[in-house]
Amino acid sequence: MPRFFTIADKLKPVYDVAYRVIMTLCKLLLIADILITSWIVISRYFPKIIDAPIWGEQIVLTLMSYMAVLSAALAIRKGSHIRMTALDRKMPKKVLFSLDILADLAVMALGIVMLVYGWRQAKMIGRFGRYDSLPWLSRFWMYFPIPLAGGAMIIFELESLYNHIKSAFVKPDDGPTCGLSESELETAAVEASLDDKEIKEICEQADPSHTEDDKEAKKQ
Amino acid sequence: MSAESLSILILLGSFLLMVFLRIPIAYAVGISALLCLLSMGESPTTLGKQMVTGISSFSLMAVPFFITMGVLMGTGGISEKLIALANALVGWMRGGLAMVNIVASYFFGGISGSAAADTASLGSIMIPMMTDDGYDADFSTAVTITSSCEGLLVPPSHNMVIYATTAGGVSIGALFMAGYLPGALLAISLMIGSYIISVKRNYPKGQPFRIKNFLKQLLVSFWALAAVLIVVVGVVLGAFTATESSAIAVIYSLIVSVYIYKGLTWKGVWESFEKCVDTLAIVLILIAASSAFGFCLTRLHVPDLAAQFILGVSDSRIVIALMLNAILLLLGCIMDMAPIILITTPILLPIATSIGIDPIQFGIMIVLNCGIGLLTPPVGAVLFIGSAVGKVPMEKVVKATLPFYLCMIVALILVTFIPEISMWLPSLLR
């Protein structure tokens, strides 16, 4: 089994690159949304300087749809979607493991439905509909985020499922935890917009003994 | 059992089951809506259609923009300046740093609109400052987390935009104005609680009040506070929509953070956008999925049925208002804020309006209830963050927060039964 994981782990850099590319795309979509909306406002007050983009509102909304679905797929990889973690501390590890797998499968099933039926819907609407403000642009692109979301969800859920299964065979490095459960730490990190490094620093300050124990264990 | 009842059971039952099975709430909402649609004989394509419809609202664009503005200002070094301003204003009182913490949260909340960001940003400065000055760490953490809820009420708050869009027909400008007094009431209530504890424990006073120092700090903080002015004044006067004002405020925040406060470089700005995307990843998909869920609720007449049920329990306005608060508080203990607003607004708002509560006042009630929920175990994101930032075990923080829960409940009851607290400022605009 460990041999299988060694081979499968070679796919991790591919996922890392995909993550970085999609994250960059999401940032660019957000920036484009901000700029176009500001353009709409400025052109209203200074019509002689800058023309109003009549397509502005529809394009902003479409870009937001793409950002919403792509970033949601990234959140699957980070494990940062909000979930009920109240009972995590009380639950046996085996039950938690089973629930993680169940959650992965449920989200993946939803992803498949979104991919298949979303694609049908986008194709059907695209055949007849056009954007009001951009008549050359098919409305297919307005509904395409749904199958795109489905596809992205499946891809990142596969990795999540793999990681959960792997955790049953290979013990992960837990790191300092501030006395919080793993999911509580994830919630704290995401809600406070702290990255993994920052939250780890906070926990190390709170619980330096863990870091020392950790180093000792690694030495041994 | 009728087909409609069965569909309702599938919708609500499967949702609750999946939440307890730890399926991410956004996807639990989507899957339960899908199952319900299938039980109603609808095509699964309706799910995608409703999701796109839900997210294709120009008003909702204010949500990502307000979050971006908060992140840029938060990482741009605004916290220290607002703390200095609050210190100049209330630091002279007994338990001065606790008061500073509470007042700084009021200012900071106006900019970030997020209790979690407030706790992480102000807490990392205020809690060490307070403990160095002789305050107990659990008390300092409790003050930080409870005061962070002011930010949810003080405009601009993206949760208010989510509520206004879900409720439909609620003016975002009026809702923004409605938040100021309840936010101030909450701050005063927490300050009274802190003062009593500070006197009992003999916590120190700060420097005496000096008008010159206050004016100096006000001048320094002016650029940050002006972002709030752009949004609120722009929306209230009708110069911009909430979305437009929030986009302009993002650009303004960028200029202030990079060129005036110099707390961010352009590289830092690019990195900050990653934090924005991380937060938006959770919120936007939830809004999209909740649209499909809301579609099912409406098709199945769940709001009418819920209204009939609750109004059948009692016809007393007081009892029903208390029941609404109890339901929201209970949900707040087990769920996060955005899903509660998105899922319960279509169900509970008709009940609230039927007993004479204005939708604007109900918006304030729902936000305050959810804010209290963020601080309560078992699911309290702000509690977790406070515990991590303050380096105090969660159990100890909860114990130290008990008196402050009381302060918050008092504020909630006043907001519920004295409509003028929420409605007076919006009424001036009509």
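Residues numbered from 1 in each chain as written. Chains lettered and ligands numbered in written order. Predicted model: local features only at pLDDT ≥ 70, side-chain atom pairs only at ≥ 80, totals over all residues. Heavy atoms only, no water.

Examined against the element boundaries, A:Asp100 turns out to sit in helix α4 (residues 93-128). Here the side chain of A:Asp100 touches B:Arg22 through a polar contact of 2.7 Å, side chain to side chain. (Helix = DSSP H or I, 4+ residues; strand = E, 2+ residues; numbered from the N terminus. Polar contact = N/O pair within 3.5 Å; in protein donor to acceptor, adjacent residues only side chain to side chain.)

The next thing to look at is the interface of chain A and chain B. Counting residues at the interface gives 70 residues for chain A and 65 residues for chain B. For the pair chain A and chain B, the two sides together bury roughly 6300 Å², of which 76% comes from carbon and sulfur. Broken down residue by residue, the surface that chain A buries against chain B is led by A:Lys27, A:Ile82 and A:Met84, which jointly contribute 12%. For the interface between chain A and chain B, the tally reads five salt bridges. (Contact = heavy atoms within 4.5 Å. Buried area = accessible area lost by both parts, 1.4 Å probe. Salt bridge = Lys/Arg side-chain N within 4 Å of Asp/Glu carboxyl O.)

So, on to a nonpolar patch on the surface. Residues and elements named next belong to chain B. Taken together, the side chains of Phe-222, Trp-223, Ile-255, Tyr-259, Ile-260 and Trp-266 make up a nonpolar region of the molecular surface, amounting to roughly 630 Å² of accessible area. Listing elements by their share of the nonpolar patch, those giving two or more residues are α12 (211-236) and α13 (242-260). When residues of the nonpolar patch are assigned to their parent elements, the largest contribution, three residues, is made by α13. In this structure, Tyr-259 sits in helix α13. (Patch = residues over 30% accessible without salt bridge, like charges linked within 9 Å, V, L, I, M, F, W, Y side chains within 5 Å. Areas by Shrake-Rupley, 256 points an atom, 1.4 Å probe, with all protein chains shown as cover.)

So, on to the packing of aromatic side chains. Given two aromatic rings, their pairing is described by the distance between the two centres and the angle made by the two planes. In this structure the tally under the stated criterion is 18 aromatic pairs over all chains. Ring geometry for A:Trp119 against A:Phe140: centres 5.5 Å apart, planes inclined by 90°, an arrangement best described as edge-to-face. A residue pair is termed long-range when its members are at least 10 positions apart, and A:Trp119 in helix α4 and A:Phe140 in helix α5 (residues 140-143) qualify at 21 residues. Taken together, the ring pairs connect A:Tyr66, A:Trp119, A:Phe140, A:Trp141 and A:Phe144 into an aromatic cluster. The side chain of B:Lys81 reaches across the aromatic face of B:Tyr261, ending 4.5 Å from its centre. (Phe/Tyr/Trp six-rings, centres within 6.5 Å; stacked < 30°, edge-to-face > 60°. Lys NZ or Arg CZ within 6 Å of the ring centre and 35° of its normal.)

Quick look at the pattern of salt bridges now. Residues and elements named next belong to chain A. Applying the stated criterion to the full structure yields twelve salt bridges over all chains. With a closest N to O distance of 2.7 Å, Glu-159 and Arg-77 form a salt bridge. Of this pair, Glu-159 sits in helix α6 (residues 145-169) while Arg-77 sits in helix α3 (residues 56-78), placing them 82 residues apart in sequence. Of the residues examined, Arg-77 reaches a relative accessible area of 23% and is grouped as partly exposed. (Buried < 20%, exposed > 50% of the residue type's maximum accessible area, 1.4 Å probe, protein only.)

With that settled, the discussion passes to the nonpolar core. Residue and element names in this part refer to chain B. Counting residues in each nonpolar core, the largest one holds 216 residues, and the members touching the most others are Phe-15, Tyr-27, Leu-47, Phe-139, Tyr-163 and Phe-362. Counting residues per element, this core draws most heavily on helix α14 (residues 266-299), at 17 residues. Look past the residues within four positions of Phe-15 in its chain and what remains in contact with it is Ile-10, Ile-25, Ala-28, Val-29, Ser-32, Phe-293, Met-335 and Ile-343. (Core = buried A, V, L, I, M, F, W, Y, C linked by side-chain atoms within 4.5 Å.)

Time to look at unusual backbone geometry. Residue and element names in this part refer to chain B. With an omega of -5°, the peptide bond running from Pro-155 to Pro-156 counts as cis. Of note, Pro-156 is situated in the loop between α9 (150-153) and α10 (158-167). Phi angles above zero are rare outside glycine, and Asn-202 is one such case at about 55°. Its place among the elements puts Asn-202 in the loop between α11 (172-201) and α12. One non-glycine residue, Lys-391, adopts positive backbone phi at about 55°. Of note, Lys-391 is situated in the loop between α19 (381-390) and α20 (394-417).

So, to be careful, I would describe these as geometric facts and stop short of saying anything about function.
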